[in-house]
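Residue-level structure breakdown
Here is what each chain is made of, one letter per residue.
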Amino acid sequence: MRGIPLGVAVVAAALYLVRLGHAPFVDPPEGLHAEITREMVQLGDWITPHVNGVRYFDKPPVLYWLMAASFTVAGVGEAAARVWSALAAVAIAAVTARLGFILGGGRVALLAGLIVIANLGMYLYGRLVKPDMVFILCIVLAYAGFAVAYKGAGRWGLVVFYASLGAATMTKDVLGALGPLAVVALFFLLTRERPLAPWAPWWGVLLLLALAVPWYAAVEVLNRGFLWYTLIDNHVLNFVRHRLFPDEDVPLGTLQFLGVTLLAFLPWSLATPWAVARALRRPWEDVTARLWVLIALWPIVVIGFFALSPFKLPHYGLPALPALALLVARLWDESIDAAPGSLRPRALIVPILIVYGLAALACGLAAVDRLPIPAGVLDNVDLATRNLAARGQASPSAPLEMYVPMLRTCTMIFGGGALVLAWAAWRRRPALGAWAAVAVALAFLPTAGDGMALFARGRSTQTVTQALVLRLEPGDQVLHEGPLENSGSLLLALDRPVTVVNGLQSNLAFGATFPEARDRFWDGARLAQEWPKPGRRFLVTGVVPERSVVRTLPAGSVRLIAEGGGRWLYANVEK
């Protein structure tokens with residue numbers, strides 16, 4: 001039984017670590033993070049991240065430090081950049097399984113470990129260059145450490161708890177520490193735990209601060225105003241929607257956020273209301289029952305906070321998924337054992353049967369061009385598409401014909417799974433239903449990865465980047481219209497900085513206030529003034545021609561060089 005976390009990790013590795021370099025970088029966000037790491041290694045500045053020579057303050061450095069190691073070994077590339085998110089996902093599965101073993105035994109461990117990776121939300125972000133998966137790993141480790149300590153298995157669990165919170169703060173932001181601390185405080189309030197002092201030892205608080213404070217203090221010393229930007233502008237003012245340095249991200253509404261989170265965790269999200277209610281049901285007669293209360297509070301606080309927050313993005317619910325996986329695994333485990341008060345097998349099986357049946361039907365109809373993708377779907381689940389829609393543009397995408405083989409595969413996977421689930425429901429066999437649901441979800445993920453790769457190619461900068469690199473000569477100037485993060489991987493192919501036009505509504509807005517970066521950001525008037533002057537200039541833009549700044553340039557001075565991936569490459573007419 002103790003080998004279950006290892007077995008879960010093997011399954012996760014087989015899914016998440018395969019073909020990481022199969023797709024080009026998705027811009028945004030991947031190219032930007034890869035370029036930050038490349039410049040960190042190039043500059044030798046391990047404290048202040050830079051991109052395009054501009055100071056970058058939106059994310060702490062842990063992911064960049066990790067990628068620097070893989071870039072040193074394997075070179076700069078998609079697989080070397082994505083491997084840390086994938087490894088974090090593997091570790092999340094193993095730690096979730098271990099936590100499931102502590103709380104409910106072997107079957108809960110196996111189900112929870114597989115459920116946490118057998119969903120679209122974790123899989124997609126486990127193959128993207130973003131700090132979220134490493135951050136979620138820190139959060140899961142923190143709760144696992146607390147659970148070990150609470151069960152009396154040793155104070156080393158508190159060492160893991162506070163160290164993980166410090167690491168979370170260094171991976172994404174200060175909320176990494178505040179969120180779990182708030183959950184634990186609420187847990188103590190509900191369970192009336194006394195005394196509280198043993199759970200906040202001076203050495204634990206010191207450990208958290210020792211891991212987080214030095215870097216934050218060093219960055220503030222080297223970059224005055226960093227703490228104000230990070231703590232006030234990026235959190236407090238962002239929460240009330242009054243940032244001084246806003247980016248272009250368009251937040252979701254509350255119902256959209258809840259819907260996206262539900263969709264990301266399908267099919268397991270269908271049982272989450274009962275799973276959470278089961279964990280909160282009194283009496284909490286022993287330590288394990290009280291720990292299930294903690295696990296239930298975890299997603300309530302995460303999802304509830306962002307549902308109420310004016311600013312929320314599609315992936316903000318992901319840190320709740322390991323807890324939801326544990327809760328749902330417990331629900332299935334009790335149904336399999338026919339425990340008193342457990343849900344009847346059909347109550348768990350039939351909703352998933354319906355989802356899989358509808359998925360098979362939808363994929364089959366789409367494969368024969370009888371079911372178009374509803375307008376606005378990607379606006380809710382993909383941030384870049386949402387940002388483009390806010391500007392009145394459509395996201396570039398591959399034609400439906402290219403997805404047909406994948407749609408046919410999905411039809412067979414979901415159709416076969418629906419048949420097995422129908423048999424399980426008819427025979428009232430919850431064990432068969434649980435493992436069939438898990439098997440279908442796992443089988444679907446590689447096909448989802450192929451679809452993700454196709455989507456990435458449709459939005460890649462490769463077409464304009466290759467055309468630009470072929471033509472660049474020493475002394476040529478490269479410009480980019482709009483936030484530079486929208487074409488971050490372009491920088492990986494260049495040997496010179498890029499001038500950004502009308503791109504201050506960006507993650508680089510605060511960095512642009514420092515003296516060395518001010519001349520790297522132009523407005524449209526400056527571009528119109530400089531464009532016709534002697535010298536060759538190239539402009540990359542993701543703005544459609546009828547809205548682009550190219551409309552303001554002198555007539556006859558603009559030549560279209562290449563187009564692809566939702567981007568255009570222009571050059572001034574050579575004199």
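Now for a quick tour of the structure. (Residues numbered from 1 in each chain as written. Predicted model: local features only at pLDDT ≥ 70, side-chain atom pairs only at ≥ 80, totals over all residues. Heavy atoms only, no water.)

**Topic: the overall build of the protein**
Summing up its helical and strand segments, the protein has 22 helices and eight strands in all. When the backbone C-alpha atoms are referred to their principal axes, the protein occupies close to 85 × 65 × 45 Å. Split into buried and exposed, the 575 residues of the protein put 57% on the buried side. Within the protein, contacts between residues at least 6 apart in sequence are counted, and of these 73% link residues at least 24 apart. One way to put it: in the protein the 48 positive side-chain charges average out to a point 9 Å from where the 37 negative ones average out. (Helix = DSSP H or I, 4+ residues; strand = E, 2+ residues; numbered from the N terminus. Buried < 20%, exposed > 50% of the residue type's maximum accessible area, 1.4 Å probe, protein only. Contact = heavy atoms within 4.5 Å. Lys, Arg positive; Asp, Glu negative; His and termini not counted. Charge placed at Lys NZ, Arg CZ, Asp CG, Glu CD.)

**Structural notes on the sheet that holds strand β3 (residues 477–481)**
The strand order across the open sheet formed by six strands is β5-β4-β3-β6-β8-β7, and the pairing between neighbours is mixed. What marks the edges here is a single partner per strand, and that holds for β5 (521–522) and β7 (558–564). By the bridge criterion, six bridges tie β7 to strand β8 (residues 567–572) in an arrangement that is antiparallel. Each residue of the ladder has a partner; that of R559, found in β8, is A571. Against the sheet, helix α21 (residues 462–471) makes contact with β3, β6 (537–541), β7 and β8, and its axis sits at roughly 135° relative to β7, the strand it touches most. (Pairing = 2+ DSSP bridges. Axes fitted to C-alpha atoms, helices over the stretch in contact; angles between N-to-C directions.)

**A few points about the nonpolar core**
Within the largest apolar cluster, 184 residues are counted, with the highest numbers of intra-cluster contacts made by F146 and W268. The residues contacting W268, other than those within four sequence positions of it, are I115, A118, N119, V328, W332, I352, A437, V438 and A441. (Core = buried A, V, L, I, M, F, W, Y, C linked by side-chain atoms within 4.5 Å.)

**Comments concerning the pattern of salt bridges**
Inspection of the entire model under this criterion finds 19 salt bridges. Across the pair K130 and D132 runs a salt bridge whose closest N-O atoms are separated by 3.7 Å. Given a relative accessible area of 4%, D132 falls into the buried group. Here R243 and D247 are joined by a salt bridge, their closest N and O atoms 4.0 Å apart. (Salt bridge = Lys/Arg side-chain N within 4 Å of Asp/Glu carboxyl O.)

**What to know about helix α2 (residues 30–43)**
Over its 14 residues, α2 extends 20 Å from the first C-alpha to the last, a length consistent with the 20 Å expected when each residue adds 1.5 Å. Counting buried residues along α2, 10 of its 14 residues qualify, which places the element largely inside the surrounding structure. Tucked inside the fold, the buried residues of α2 contact β1 (50–51), α3 (62–74) and α4 (78–104). (Expected span 1.5 Å × (residues − 1).)

**A look at empty space enclosed by the protein**
Taken as a whole and assessed by the stated rule, the structure comprises one cavity of 30 Å³ or more. Reported here for the largest cavity is a volume of approximately 120 Å³. Considering the residues around the largest cavity, the lining is formed by 14 residues, among which A23, R82, R127, M452 and A453 are closest to the centre. Here the element with the most residues in the lining of the largest cavity is helix α20 (residues 430–458); it accounts for four residues. Counted by class, the lining of the largest cavity contains eight nonpolar, two polar and four charged residues. (1 Å grid on protein atoms, 1.4 Å probe; cavity = no way out; pocket = protein on both sides within 12 Å on 5 of 7 lines; lining within 4 Å. Points joined across faces, edges and corners; volume = space filled by probe spheres on them. Nonpolar A, V, L, I, M, F, W, Y, C, P; charged D, E, K, R; others polar.)

**Focus: the environment of I354**
Along the chain, I354 turns up in helix α16 (residues 345–367). In this structure the C-alpha to C-alpha distance between I354 and A418, which are 64 residues apart in sequence, comes to 7.6 Å.

**Brief notes about the side chain of T447**
Counting through the fold element by element, T447 comes out in helix α20. For T447, a relative accessible area of 10% translates into the label buried. Setting aside residues up to four positions removed in sequence, T447 forms contacts with M406, T409, C410 and I413.

**Focus on the packing of helix α5 (residues 106–115) against α20**
Their axes nearest at 10 Å, the elements α5 and α20 cross at an angle of 25°. Compared by their axis directions, α5 and α20 come out roughly parallel. The two elements α5 and α20 meet at a crossing, and its hand is left-handed. Between α5 and α20, the contacting residues are R107, L110, L111, L114 and I115 on the first element and A434, W435, V438 and L442 on the second. Partitioned by chemical class, the residues of the contact of α5 with α20 number eight nonpolar, no polar and one charged. (Parallel < 35°, antiparallel > 145°, perpendicular 65-115°, else oblique. Left-handed = near helix turned anticlockwise from the far one by under 90°.)

**Observations concerning the pairing of β3**
Along β3, four of the five residues are buried, which leaves the element largely enclosed by surrounding structure. Pairing between β3 and β6: five bridges, direction parallel. Looking across to β6, one finds that V478 is bridged to F538.

**Let's talk about the environment of R82**
Relative to the assigned elements, R82 resides in helix α4. Residues R82 and A34 lie 48 residues apart in sequence; the distance between their C-alpha atoms is 9.3 Å. In this structure, R82 is in contact with L20, G21, A23, P24, F25, V26, E30, G126, R127, L128 and V129, ignoring residues within four places of it in sequence.

Read these as spatial facts, not as claims about activity.
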